[in-house]
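# Topology and contacts: notes
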Amino acid sequence: MITGFSIALILFSFLLGLLVLMHKGKGGGLSDMFGGGMQSSVGGSSVAERNLDRITVVVALIWFAIIVVLGLLVKS
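Remember, it's a predicted structure, so these values are computed and weren't measured experimentally.

## With respect to the overall build of the chain
- Within the chain one finds 3 helices and 0 strands.
- Counting every position in the chain, which comprises 76 residues, the buried fraction comes to 9%.
- Expressed as a percentage of contacts within the chain between residues at least 6 apart in sequence, the contacts between residues at least 24 apart total 92%.
- With an accessible surface of roughly 5900 Å², the chain has 74% of that area assigned to carbon and sulfur atoms.

## Comments concerning the packing of helix 1 (residues 2–22) against helix 3 (residues 47–75)
- Contact geometry of helix 1 with helix 3 gives a least axis separation of 9 Å together with a crossing angle of 155°. In terms of axis orientation, helix 1 runs roughly antiparallel to helix 3. Regarding helix 1 and helix 3, the two cross each other, and that crossing is left-handed.
- Looking at side-chain class alone, the contact of helix 1 with helix 3 contains 22 nonpolar, 3 polar and no charged residues.

## Some points on the environment of Ile10
- Structurally, the position occupied by Ile10 is in helix 1.
- Along the primary structure Ile10 and Trp63 are separated by 53 residues, whereas in three dimensions their C-alpha atoms are 9.2 Å apart.

## Here we look at the confidence of the model for the chain
- On average, the chain scores 83 in pLDDT, and the residues at 70 or more come to 74%.
- Confidence, expressed as mean pLDDT per element, reaches its minimum in the chain at helix 2 (residues 30–33) with 53 and its maximum at helix 1 with 95.

## Points about the side chain of Thr56
- On the secondary structure map, Thr56 appears in helix 3.
- Relative accessible area serves as the criterion here: at 11%, Thr56 is assigned to the buried category.
- When near neighbours in sequence (up to four residues on either side) are disregarded, Thr56 contacts Leu16, Leu19, Val20 and His23.

## Some details on a nonpolar patch on the surface
- On the surface, a cluster of nonpolar side chains totalling about 300 Å² of accessible area is made up of Phe64, Val68 and Leu72.
- Locating Phe64 in the fold gives a position in helix 3.
- On the basis of relative accessible area, Phe64 is assigned to the exposed category, the value being 52%.

What counts, and where the lines are drawn
Residues numbered from 1 in each chain as written. Predicted model: local features only at pLDDT ≥ 70, side-chain atom pairs only at ≥ 80, totals over all residues. Heavy atoms only, no water. Helix = DSSP H or I, 4+ residues; strand = E, 2+ residues; numbered from the N terminus. Buried < 20%, exposed > 50% of the residue type's maximum accessible area, 1.4 Å probe, protein only. Contact = heavy atoms within 4.5 Å. Areas by Shrake-Rupley, 256 points an atom, 1.4 Å probe, with all protein chains shown as cover. Axes fitted to C-alpha atoms, helices over the stretch in contact; angles between N-to-C directions. Parallel < 35°, antiparallel > 145°, perpendicular 65-115°, else oblique. Left-handed = near helix turned anticlockwise from the far one by under 90°. Nonpolar A, V, L, I, M, F, W, Y, C, P; charged D, E, K, R; others polar. pLDDT = per-residue confidence, 0-100. Patch = residues over 30% accessible without salt bridge, like charges linked within 9 Å, V, L, I, M, F, W, Y side chains within 5 Å. Salt bridge = Lys/Arg side-chain N within 4 Å of Asp/Glu carboxyl O.

Structure (structure tokens):
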């Protein structure tokens with residue numbers, strides 16, 4: 001059981017990292033260093049960006065839950 005949660009944690013960690021890297025830079029950060037600040041956004045968030053935000057939050061919550069469950073399993 002611990003092995004299954006450990007594998008899930010590794011997979012969700014990679015997925016969460018990819019999702020975070022897919023986000024558009026908001027300016028003023030490291031994204032400006034790589035040319036992210038050169039683009040101007042005319043409107044607000046697009047549907048794809050809002051969906052990416054939602055997916056990222058859900059994956060982060062699952063990732064956190066896996067860490068809590070692993071901690072409880074290892075402790076007992």
